[in-house]
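What follows is each chain in one-letter form.
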Amino acid sequence: MPLDTWFPLAIFYHDLADADAHRHNMLHAIDALRRNSGAQRTSPTSSWTGDVHNVDRIHLDPAFDWLTRQVGAQALEYLGALGHNLSKTDVYIQRAWPIVAARDQRVARHAHHTAHLSAVYYLAGSRDAAGGQIRFFNDGKPNQVAPGIDSDMTAGYSEHHALNYGSAVYAPVPGRLILFPAKLSHSVEPNTTDDPRISISFDLVITSRGGAEDGRHEFLMPPPVLWSRVDRGESAPAPAPAGPARHPAFVTVPGYQPIDDYALPSREGHPLWETTLLPHVSSPAAWAQYRAALDGIAPEDWWRDHSGALLLWQGCEPWRAWQDAVARVHAHLRNHDVPLADAGLGTPQIQRRSGALEPPFQRGRKHLCAYLRIDHDETPCMIEFAEGGAVPVAPGTLAIVAGARLHRLTGDSCVLHFQLDLPALARINALGHSGLQPAEVLDTTVFAAIAAQPLAAPMPAPEALFDKIRWIDTRDRRRSRSALCPTVQRLLIDHGDPQTASAAELAIVRNYGTGGDSSDRGRLFIAPGALDAAACAELRAHADAHMTSVVPDTVDDLPEYQVNLSLDGLSDLIGAERTATLLALPESVGAPPAAAPSGYERDQHFPARLFAGHPPLHPVPRRSVRLYGQHRAQ
């Protein structure tokens, strides 16, 4: 009998590569979190679950960075397989927590109603049913035509198969990640072995991307950046009077671009870019106490990072060094007028480094990375940046480094490390975006992505971000040229004698418009005038009679007065002979023939003397002639 199978449930599982390399470190981190979480709040037969012990944000903990990235990548693959258009939505990890099940402990049937997608990753377990399987329930039972027929008392099915299964189970295989719809009810069976079953659960939420062009839908949750917290301490403001619909003010202005919706803060002096060193935060006497405490830690309680270059230990939160470091960071930020609303601190950890191995360059997971060197040995310790530069860190010094910059700490040292988010200055969790972590992405690009204003808007798309950065670079070159205008005015517009120019002035002229790039230097020529005074007067009179608008010049943003002429129109004004002389001018000063492709425009030829007492006419392609003069010369 033919049967069609519709509406199947899809559960995703994947055995993660490199799981063994990261398992030990995460197990030690969970052990520390559990020991510091206080008395167990669940019954003796229930597993210890982090979400009811205030340990539900480990997706923000650097110790779990590798797994958090893996969950995000696999979630996107799962959603793609389900047919989601990933260009229309964003996926957020809402929370993550560990679960530890000793012998005979279980998790009762439940569902995750505050999320859309859930995941579980197994760190330790028996690999078989005895360790406690996760059981997913067939909540809908679309093929149960007689309610109750699947009851154990009824035994109404002669055999169980895919059309009548009431549940499905998966064994706790270490290194395996399972993803499933959060609304699907599930339970975890008792662990009947002496080996603890240790796993990590994740809840994820799917939202629209925020913009109309990104697929905002009536029934899809908007992104959190568009939410507004309800103020419970004040009376509600009176509603605004109804008025006409609001429209963007400048979208009809010629030259308006989407990049105008964003502003990028200057990196110079910015607290999320500049490195700060705060000395004398920890003393030699304190180091004697800390060293004795660290020497008493069992070797198995330390774990290595994935590079093998760092020994890590969590458990320093009660230490005075941690409290002093937080207080100094607070005082530093407050004295620099940094808004601290909703600032978030990560879990501190002790890092021991050996000069024998160099750790990899990494970005932070939060906006600022703090390193307090608690040892007082004489060995050198440096913060190195992947894009160049290094800063020495003396004993007892607290270094604050931008999380957006690829960096590493080198040299034999013992450091208390923690990270900090400043949501008033940059997008929270943005550094966890997979597109910002690769070493190939420039630090300046990462900084711009997380700090682009307004923060309530979604993070700019890469193309828009690059366009904005290029626009800012161009604007800065224009400002530089404007600052150098007195020299350019004297030599190129007022026809100062080049023989009187100093070496510094000639350098300004040669680099004018090139941003000082020595590979793109301009060349200065002295040439006889191409047009006499009468021809120039004809051109100026024609321009004055035909200019109808004033627009900003594309070179320096100063007003530009211009009119376009065809070659025939130019010949009618000044004659065919003068036109030919004018058009031959570029070749007369060394430019390649116009018929041959060249980098002529890139060479930036500036004839120093073209006319007697009149503004210069810059060479343009032979197809047409554009006449213009700067307002300074009118």
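The structure under discussion appears in the preceding block.
The shown structure was predicted, so the numbers you read here are calculated from the model rather than taken from an experiment.

Thresholds applied
- Residues numbered from 1 in each chain as written.
- Predicted model: local features only at pLDDT ≥ 70, side-chain atom pairs only at ≥ 80, totals over all residues.
- Heavy atoms only, no water.
- Helix = DSSP H or I, 4+ residues; strand = E, 2+ residues; numbered from the N terminus.
- Contact = heavy atoms within 4.5 Å.
- Areas by Shrake-Rupley, 256 points an atom, 1.4 Å probe, with all protein chains shown as cover.
- Pairing = 2+ DSSP bridges.
- Axes fitted to C-alpha atoms, helices over the stretch in contact; angles between N-to-C directions.
- Parallel < 35°, antiparallel > 145°, perpendicular 65-115°, else oblique.
- Nonpolar A, V, L, I, M, F, W, Y, C, P; charged D, E, K, R; others polar.
- Phe/Tyr/Trp six-rings, centres within 6.5 Å; stacked < 30°, edge-to-face > 60°.
- Buried < 20%, exposed > 50% of the residue type's maximum accessible area, 1.4 Å probe, protein only.
- Lys NZ or Arg CZ within 6 Å of the ring centre and 35° of its normal.
- Core = buried A, V, L, I, M, F, W, Y, C linked by side-chain atoms within 4.5 Å.
- Salt bridge = Lys/Arg side-chain N within 4 Å of Asp/Glu carboxyl O.

S.K.: What's the story with the overall build of the chain in this structure? I'm lost.
M.R.: The secondary structure content of the chain amounts to 13 helices and 26 strands. Excluding contacts between residues fewer than 6 apart, the proportion of contacts in the chain whose partners are at least 24 apart in sequence is 79%. About 33,900 Å² of surface is accessible on the chain, with carbon and sulfur atoms providing 54% of the total.

S.K.: Is there a simple way to explain the sheet that holds strand S6 (residues 134-137) in this structure?
M.R.: In any sheet, the strands associate via hydrogen bonds between backbone groups, in a parallel or an antiparallel arrangement. Strand order in the open sheet formed by 4 strands is S4-S9-S6-S7, with antiparallel pairing between adjacent strands. Lying at the two open borders of the sheet, with one neighbouring strand each, are strand S4 (107-110) and strand S7 (167-170). Sheet twist, expressed as the average angle between the axes of neighbouring strands with direction ignored, equals 15 degrees. Pairing of S4 with strand S9 (residues 186-188) involves 2 bridges; the strand directions are antiparallel. Paired with Val 107 across the strands is Val 188, a residue of S9.

S.K.: Got a minute to help me understand the packing of helix H10 (residues 567-574) against helix H11 (residues 576-583) in this structure?
M.R.: The interhelical angle for the contact between H10 and H11, taken along N-to-C directions, is 120 degrees, at an axis separation of 7 Å. Compared by their axis directions, H10 and H11 come out oblique. Of the residues in H11, those in contact with Leu 567, Leu 570, Ser 571 and Ile 574 of H10 are Ala 576, Arg 578, Thr 579, Leu 582 and Leu 583. Taken together, the residues that form the contact of H10 with H11 break down as 6 nonpolar, 2 polar and 1 charged.

S.K.: Would you mind showing me how to read the packing of aromatic side chains here?
M.R.: The relative placement of two aromatic rings is captured by the distance of their centres and the angle of their planes. Applying the stated criterion across every chain, the model contains 10 aromatic pairs. Considering the side-chain rings of Phe 136 and Tyr 170, the 5.9 Å spacing of their centres and the 75 degrees angle between planes classify their relative orientation as edge-to-face. Linking Phe 136 in strand S6 with Tyr 170 in strand S7, this pair joins segments that are 34 residues apart in sequence. Both residues of the pair, Phe 136 and Tyr 170, count as buried. Centroid distance Tyr 290 to Trp 319: 4.8 Å. Interplanar angle 5 degrees. Geometry classified as stacked. Of this pair, Tyr 290 sits in helix H3 (residues 284-295) while Trp 319 sits in the loop between strand S13 (310-313) and helix H4 (320-335), and the two are 29 residues apart along the sequence. Comparing Tyr 290 with Trp 319 shows no difference in burial state: the two are buried. A network of ring pairs unites the aromatic residues Tyr 13, Phe 136, Tyr 170 and Phe 180 as a single cluster. For Arg 267, the ring lying beneath its charged end belongs to Trp 273, and the centroid distance is 5.4 Å. The ring of Trp 471 carries Lys 468 above its face, with NZ or CZ at 5.0 Å from the centroid.

S.K.: Quick question: what am I supposed to make of the nonpolar core here?
M.R.: Note on soluble globular proteins: their nonpolar side chains tend to be buried together. Ranked by size, the top nonpolar core spans 51 residues in total, and within it Leu 294, Ile 350, Ile 374 and Leu 416 carry the most contacts. At the level of secondary structure, the elements contributing two or more residues to this core comprise H3, H4, strand S16 (368-373), strand S19 (398-402), strand S21 (413-421), helix H5 (443-451) and helix H6 (462-483). The element best represented in this core is H5, accounting for 6 residues. Beyond its immediate sequence surroundings of up to four residues, Ile 350 is in contact with Leu 294, Trp 302, Leu 311, Leu 312, Trp 313, Cys 316, Trp 319, Ile 374, Cys 414, Val 415 and Leu 416. Of all hydrophobic cores here, the second largest spans 35 residues; its members include Trp 48, Leu 67, Leu 79 and Ala 124.

S.K.: Help me out: how do you make sense of the pattern of salt bridges in this one?
M.R.: A side chain of one charge can pair with a side chain of the opposite charge when the charged atoms of the two come close. Inspection of every chain in the model, using the stated rule, returns 16 salt bridges. Here Arg 365 and Asp 65 are joined by a salt bridge, their closest N and O atoms 3.0 Å apart. Highlighted residues: Arg 365 in the loop between strand S15 (349-353) and S16 and Asp 65 in helix H2 (residues 65-81), separated in sequence by 300 residues. Salt bridges sharing common partners tie together Glu 358, Glu 384 and Arg 408.

S.K.: Can you help me understand the sheet that holds strand S17 (residues 382-385) in this one?
M.R.: Judged by pairing direction, the sheet is antiparallel, and its 3 strands sit side by side in the order S18-S17-S20 without closing on themselves. With one partner strand each, in any of the chains shown, strand S18 (390-392) and strand S20 (407-410) form the two edges of the open sheet. Sheet twist, expressed as the mean angle between neighbouring strand axes with direction ignored, is 20 degrees.

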